[in-house]
Amino acid sequence: MSAISFAIVGCGHIANKHIEAIRNIPNADLIAVCDTNPERLKEYTEKHNVRGYLSLEDMLEKETELDVVNICTPSGLHAPLAVQAAAAKKHIIVEKPIALTLEDADRIIQACADNGVKLSVVHPNRFRPAVMELKKLKDQGLFGKLSHVNATVRWNRNQAYYDQAPWRGTKAMDGGVLMNQAIHNLDLMYWLAGPVEEVQAYNATRLRNIEAEDVSVAVLKFKDGTLGIIEAAATIYPKNYEESLSIFGETGSAVISGRTANWIKHLIFEGVSEEEAATIIERVDQDPYGTPGHQRIIADMADAIREDREPLVTGQDGRNALQLVLTVYEAAEKNAPVKWEDSKELVSTQQ
């Protein structure tokens, strides 16, 4: 089996997860990294024994055998870099969120389609064992008609976190708790409960000295009538407290939670014995983290290239999660319900 070669753009914190993942995937090679900061670039090239470039243009020109570009920069830079790499016929893995505007997300998706390259967005929580069990049960129809779903993120990101870099917490380059921390849970909510029809919301910046929101609450109506509740906060004292995803239906209920949503806390279905439910919970408890999500996504990209198929997490998936965040922003800004099909960019939100 031929090796798939990867290069990383952006040598920040998240790049380490990509590097570790690539190192743990058979027939996957990290061949180069790129960053505009010479000191950080030198640190990564020496530590990981790979070639380094100060510009993406230079890397794309010289790394002729490169297959995949992993974009790990601040979110506001995703679109121009992804479009440039796609134009060079490189497949793209882009960190979440896919972009900060729908226009930029569409630019990325279109560039990949026009150049015949594959695109995957890093929504790694889909591969948590508890989430995969929940998805399987939902697809089997065991919940019946849904009444409502709930996505909660009660975490702590203190001021020191935002002060690490000048772009953190800005609307143009980063976003707030919805765009950064809660977008994973919002991706799962959309993936499990289906298309959204309408959103109402409140956002606030209560405790952190940042431009974007540090707390948000929203209610959703899905196209099939299911209701949804979002609570997202980076303000929980003194540390991360809870991440949870709950689904309640006519014939079943399930809750996954914990400090991170890795454990099934409640599982009951009509026609499923307590013993069967306990077996599912025990299976998750034996390995609640599973194979790291970044590794699953990067390995899937390699397989998608070899098999010439779409990745499991597509550009459209990334766009859906982004649109949900932006629709919450718009509803909060307007202080009024916003229909999904009517949602649009708010200039005041993004500048």
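Residues numbered from 1 in each chain as written. Predicted model: local features only at pLDDT ≥ 70, side-chain atom pairs only at ≥ 80, totals over all residues. Heavy atoms only, no water.

In the nomenclature of an unreviewed UniProt entry, the protein chain is known as Oxidoreductase of Aneurinibacillus danicus.

Draft legend 1. Spatial organisation of the pattern of salt bridges. As enumerated under the stated definition, the model contains 23 salt bridges in all. In this structure, the salt-bridge partner of arginine 309 is aspartate 300, at a minimum N-O distance of 2.8 Å. Residue arginine 309 is classed as partly exposed on the basis of its relative accessible area of 26%. The shortest N-O distance in the salt bridge between arginine 309 and glutamate 307 comes to 2.7 Å. When salt bridges with common partners are traced through the structure, they connect Glu197, Glu198, Lys221 and Lys339 into a single cluster. (Salt bridge = Lys/Arg side-chain N within 4 Å of Asp/Glu carboxyl O. Buried < 20%, exposed > 50% of the residue type's maximum accessible area, 1.4 Å probe, protein only.)

Draft legend 2. Region of interest: the sheet that holds strand β6 (residues 119-122). Reading across the sheet, the six strands line up as β3-β2-β1-β4-β5-β6 and stay open at both edges, with parallel pairing between neighbours. In this open sheet, the two edge strands, each paired with only one partner strand, are β3 (51-53) and β6. Sheet twist, expressed as the average angle between the axes of neighbouring strands with direction ignored, equals 25°. Bridge count between strand β2 (residues 28-34) and β3: three bridges; the pairing is parallel. Residue pairing in the sheet places alanine 32 in a bridge with arginine 51 of β3. (Pairing = 2+ DSSP bridges. Helix = DSSP H or I, 4+ residues; strand = E, 2+ residues; numbered from the N terminus. Axes fitted to C-alpha atoms, helices over the stretch in contact; angles between N-to-C directions.)

Draft legend 3. Inspection of the UniProt feature "domain: Gfo/Idh/MocA-like oxidoreductase N-terminal" (unreviewed entry) in the protein chain at higher detail. Mapped onto the present numbering, the UniProt feature "domain: Gfo/Idh/MocA-like oxidoreductase N-terminal" (unreviewed entry) falls at residues 5-122. From the first C-alpha to the last, residues 5-122 spans 18 Å; its make-up is 44% helix and 24% strand. (UniProt positions renumbered as here; feature names shortened; annotations may be inferred.)

Draft legend 4. Inspection of the packing of helix α6 (residues 129-139) against helix α9 (residues 274-286) at higher detail. Contact geometry for α6 and α9: axes closest at 9 Å, N-to-C directions at 150°. Taken together, the axes of α6 and α9 lie roughly antiparallel to each other. Residues Pro129, Ala130, Glu133 and Leu137 of α6 form the contact with α9, whose own contacting residues are Ile280, Arg283 and Val284. (Parallel < 35°, antiparallel > 145°, perpendicular 65-115°, else oblique. Contact = heavy atoms within 4.5 Å.)

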